[in-house]
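Listed below are the residues making up each chain.
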Amino acid sequence: MAEVRGAGEGKTHPSVHVDGEVVATKRVGGYRHLTLTAPGVPERFRAGNFVAVSVAGHVARRALWVHRVRASSAFGPTLDVVVEERGSGTAWLAAQPVGARIAITGPLGRPFALPKEAVSCLLVGEGYAAAPLFPLAERLRERGCAVSLVVSAPDEARLLSALEARRSARSVTVLTADGSVGQRGTVADHVDDLVRRSDADVVYAAGPHAVLRSAAGAAERAGAWSQVAVETPTPCGTGLCHGCPLPVVGEDGVERVVRACAEGPVVRGDRVRWDALGNGLGDGL
């Protein structure tokens, strides 16, 4: 099993709370892509971190995966997030025009840990939640890792950046449940074969719980290490409200519940108590 860096690599830098601005917005398929300024956030970002944004008329903030970070632009450092309209909060975010001001806290959460050596990595993502795999692919390639990327979705409109994926990985597999593009089927249908063909030492996954569970199971069967970015409703994003329970098994073998936004969202796939977690997703992360 490939060795990954320890807790020091997996910890995020201290988050900041800033007044950000929407500097670009575009509709891509079923999603809205927003480019935001957030002074101090891009500089602290690690792949797998997320940001929490305040939403007008809502007490709970919305957590968003970071799809891309640019160190420099005409607006200074920026970050890109992907929004799927799942409720009134995300609909409000998707409707924000260029120039809108948004309160942003980040980076938040525990990011992906990186292999100590150049190994073969399989990245498996579905829908908008595949966003954190794109900056992860860049980091892994910088370390000399062989990166294979799987992007999946129910249909073509909900595939995330399939063309961009081809610039981010050595090989790309596209899956759609309806067969509208790429191979027909779900991650569960193909993941064991994908792990075998990529000869993966480490499997990273981001998406609905069923996708994460399938990827983690395939990794375990192949003797590979797995990390999953678990998506669950996070009312505050900072760990204060304890409103995002994540059932896991600790290294001591004891079952416990941790906070997805603080002790996660990235955790070892073989540590999640999948039966207790269920398959539901909330509005936002």
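All values derive from a computational prediction rather than experimental measurement.

(A) Broad picture of the overall build of the protein chain. When its secondary structure is counted, the protein chain shows 8 helices and 15 strands. Taken over the C-alpha trace, the protein chain has a radius of gyration of 17 Å; the compact-globule value for 285 residues is 19 Å, and the two agree within 12%. Burial statistics for the protein chain: of 285 residues in total, 55% are counted as buried. Considering only intrachain contacts with a sequence separation of at least 6, the fraction spanning at least 24 residues in the protein chain is 67%. Carbon and sulfur atoms form 49% of the exposed surface of the protein chain, whose accessible area is close to 11700 Å². Averaging the positions of the 32 positive and the 30 negative side-chain charges in the protein chain gives two centres separated by 3 Å.

(B) Layout of the environment of Gly 57. Counting through the fold element by element, Gly 57 comes out in the loop between β3 (50-53) and β4 (62-70). Gly 57 gets classed as exposed once you look at its relative accessible area, which sits at 84%. Residues Gly 57 and Thr 90, 33 residues apart in the sequence, show an inter-C-alpha distance of 12 Å.

(C) Summary view of the environment of Gly 264. One can find Gly 264 in the loop between β14 (255-259) and β15 (266-268). Apart from the residues lying within four places of it in its own chain, the contact partners of Gly 264 are Gly 109, Arg 110 and Arg 259.

(D) Just the pattern of salt bridges, in detail. Enumeration according to the criterion identifies 17 salt bridges in this entry. In this structure, Arg 70 and Asp 80 form a salt bridge, with 2.9 Å as the shortest nitrogen-oxygen distance. Remark: Asp 80 occurs in strand β5 (residues 78-83) and Arg 70 occurs in strand β4; sequence separation between them is 10 residues. The salt bridge involving Asp 192 is made with Arg 221; its shortest N-O contact spans 3.0 Å. Note that Asp 192 is positioned in helix α6 (residues 187-198) and Arg 221 in helix α7 (residues 209-222), a separation of 29 residues in sequence. The exposure class of Asp 192 is partly exposed, given its relative accessible area of 37%. Judged by relative accessible area, Arg 221 falls into the exposed class, the value being 58%.

(E) Representation of the sheet that holds β15 in the model. Pairing is mixed in the open sheet, where 7 strands are placed in the order β10-β9-β8-β7-β11-β12-β15. Two strands in the sheet have a free side with no partner beyond their single neighbour: β10 (183-184) and β15. Note: strand β12 (residues 225-229) against β15, 3 bridges, orientation antiparallel. Looking across to β15, one finds that Gln 227 is bridged to Arg 268. Packing of helix α4 (residues 133-142) onto the sheet brings it into contact with β7 (120-126), β8 (146-153) and β11 (202-206), and relative to β7 it is tilted by some 170°. Against the sheet, α6 contacts β7, β8, β9 (171-176), β10 and β11, and its axis sits at roughly 165° relative to β7.

Reading guide: rules and limits
- Residues numbered from 1 in each chain as written.
- Predicted model: local features only at pLDDT ≥ 70, side-chain atom pairs only at ≥ 80, totals over all residues.
- Heavy atoms only, no water.
- Helix = DSSP H or I, 4+ residues; strand = E, 2+ residues; numbered from the N terminus.
- Rg over C-alpha atoms; globule rule 2.2 N^0.38 Å.
- Buried < 20%, exposed > 50% of the residue type's maximum accessible area, 1.4 Å probe, protein only.
- Contact = heavy atoms within 4.5 Å.
- Areas by Shrake-Rupley, 256 points an atom, 1.4 Å probe, with all protein chains shown as cover.
- Lys, Arg positive; Asp, Glu negative; His and termini not counted.
- Charge placed at Lys NZ, Arg CZ, Asp CG, Glu CD.
- Salt bridge = Lys/Arg side-chain N within 4 Å of Asp/Glu carboxyl O.
- Pairing = 2+ DSSP bridges.
- Axes fitted to C-alpha atoms, helices over the stretch in contact; angles between N-to-C directions.

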